[in-house]
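Spelled out, the chains give:
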Amino acid sequence: MTRFTRAGAVVGALTLVASLALTGCGDEQKKPEFVGGTSPASAGAEGSSAPSAPATPSAPSGPTLTLSPADGTKDRPVSTEISAKLPNGGKVSAVTLTADGGASVEGKLRTDGSAWVPSAPLKFGTRYTATVTANGSDGTSSQGTSSFTTMAKPKSTIGSGLYLFDDKSYGVAMPVVTEFHPGIPKKDRAAVQKRMFVRTDPPQPGAWHWVGNGTQAYYRAPEYWKPGTTITVRIALAGMPLSNGKYGDMDRKATAKIGRSFEMKVDNANKKMTVYENGALVRTIPVSLGKKSTPSSSGTMVVMEKKEATTFDTRDDPDPANRYVTDIQFAQRLTWGGEYIHAAPWSEHVQGRQNVSHGCVNVSMVNARWLFEKTRIGDPITVKGTERKIAAGNGWTAWSLSWSAFIKGSALPVPSGGAGPAL
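Below you will find a few notes about this structure.

Conventions we followed
- Residues numbered from 1 in each chain as written.
- Predicted model: local features only at pLDDT ≥ 70, side-chain atom pairs only at ≥ 80, totals over all residues.
- Heavy atoms only, no water.
- Core = buried A, V, L, I, M, F, W, Y, C linked by side-chain atoms within 4.5 Å.
- Buried < 20%, exposed > 50% of the residue type's maximum accessible area, 1.4 Å probe, protein only.
- Helix = DSSP H or I, 4+ residues; strand = E, 2+ residues; numbered from the N terminus.
- Contact = heavy atoms within 4.5 Å.
- Phe/Tyr/Trp six-rings, centres within 6.5 Å; stacked < 30°, edge-to-face > 60°.
- Salt bridge = Lys/Arg side-chain N within 4 Å of Asp/Glu carboxyl O.

Here's the deal with the nonpolar core
Counting 42 residues, the largest nonpolar core has Leu164, Val192, Met196, Trp208, Val233 and Trp396 as the members making the most contacts within it. Of all the secondary structure elements, the ones that give two or more residues to this core are strand E15 (176-181), strand E16 (196-201), strand E17 (207-210), strand E18 (216-220), strand E19 (230-236), strand E20 (251-258) and helix H3 (403-406). The residues touching Val192, leaving out its near neighbours within four places in the chain, are Ile184, Trp210, Leu237, Met240 and Leu242. Core analysis: the second largest hydrophobic core is formed by 23 residues, Val275, Val361, Ala368 and Val383 among them.

Set out below in structure tokens:
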């Protein structure tokens with residue numbers, strides 16, 4: 001059995017991709033912690049030569065709104081949202097937010113009407129003025145204004161990451177994966193989750209699921225994404241206060257595409273992989289899985305990384321029998337613990353008949369090359385019938401759970417069919 005350690009993370013402008021130190025197939029290792037109205041004025045009197053009076057805004061006819069943040073509030077987080085106590089039956093119709101100097105801030109209302117969310121983090125140490133207009137069901141309008149000041153830039157922040165790149169195409173099982181170092185405390189996860197926005201086109205409901213230690217959260221739909229889907233993500237945590245005295249480090253955004261459907265299914269009973277493209281069987285491949293002492297993981301995993309050529313080095317494995325250095329071709333990572341699909345010419349004579357690997361899915365050189373040229377990051381592979389199940393968090397394991405089990409990992413209530421976009 002081999003051992004895997006992650007060497008750290010490299011943060012891009014909008015996304016973070018973990019540095020994936022390569023080892024051989026192996027045992028599970030813990031991943032490092034790390035929008036009012038106007039009315040026209042009366043026209044000039046009939047026959048008068050005087051010009052018409054200019055239009056003037058209509059005055060609010062309802063009670064004044066009470067806003068949050070309250071007027072005069074200081075040291076507000078730059079993640080602050082604008083909300084109001086509304087009269088019975090009232091709905092917010094307009095929100096304007098301006099910084100000192102007159103710069104306006106763009107934003108959107110939450111779909112449930114609970115608050116207005118700036119489209120980017122506010123600036124530190126800056127005074128803002130918010131004006132909110134609401135229309136009542138009785139035809140009245142209400143308005144409120146509040147000025148507040150944001151806090152200075154905090155010194156202690158969390159590290160965060162988003163495993164998604166702009167303008168990239170992924171497989172139908174690609175979850176939205178966020179990562180935090182240190183992990184998000186349980187008491188903060190609902191608030192953090194409310195600031196993680198996902199929108200899909202065409203629309204597909206979804207949900208978040210937190211791993212136990214709070215270092216990762218996955219977002220997926222009840223079923224694999226529809227081919228051709230556009231996924232737009234904003235992890236809006238910049239300046240968000242947490243209970244451990246830390247603040248969110250930055251906002252992360254990405255817009256990506258889902259490509260064609262490509263699925264791999266491996267059955268230990270017959271030691272074969274069946275490959276489906278857009279629902280049609282395109283290839284059957286003999287495999288050799290992990291032997292009994294180093295079994296492959298059963299469950300649904302996704303391709304996380306691809307290396308045409310690499311070296312598996314397991315000389316630091318505590319078991320001398322599992323120490324080796326081997327050059328590998330067409331390696332596709334499935335777990336953080338070191339399970340891959342890869343070419344294994346040394347086991348071609350037993351592929352389809354016997355399990356001899358250290359946990360990887362061994363295939364022939366020809367089949368490994370064919371798979372490598374076909375797959376994308378986020379393509380799913382389901383393995384069944386082995387001696388152990390995939391451990392939660394050992395890779396992007398969002399699909400290793402049933403939908404009913406997956407939504408139990410959400411920090412917020414989730415409708416049985418999934419939730420729509422929050423913005």
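Structural notes on the packing of aromatic side chains
Considering all chains together, one arrives at nine aromatic pairs under this definition. Their ring planes at 25 degrees and their centres at 5.7 Å tell us that Phe180 and Trp210 sit as a pair that is stacked. Taken as a pair, Phe180 in strand E15 and Trp210 in strand E17 lie far apart in primary sequence, 30 residues in all. You can call Phe180 buried: its relative accessible area is 0%. Plain terms: the ring middles of Tyr219 and Trp225 are 6.3 Å apart, the flat faces sit at 15 degrees to each other, and that makes the pair stacked.

Details of the pattern of salt bridges
In the structure shown here, the tally under the stated rule is 10 salt bridges. With a closest N to O distance of 2.9 Å, Glu277 and Lys374 form a salt bridge. With Glu277 in strand E22 (residues 272-277) and Lys374 in helix H2 (residues 365-374), this pair connects stretches of sequence that are 97 residues apart. Among the salt bridges present, the one from Arg388 reaches Glu339, with a minimum N-O distance of 3.2 Å. Taken together, the positions of Arg388 in strand E30 (residues 388-389) and Glu339 in the loop between strand E26 (325-333) and strand E27 (340-343) put the pair 49 residues apart, joining distant regions of the chain.

A word on the side chain of Ser142
Looking at where Ser142 falls in the secondary structure, it is placed in strand E12 (residues 141-150). Every residue in contact with Ser142, bar those within four places of it in the chain, is listed here: Pro60, Gly62, Pro63, Leu65, Pro87, Val132, Thr133 and Ala134.

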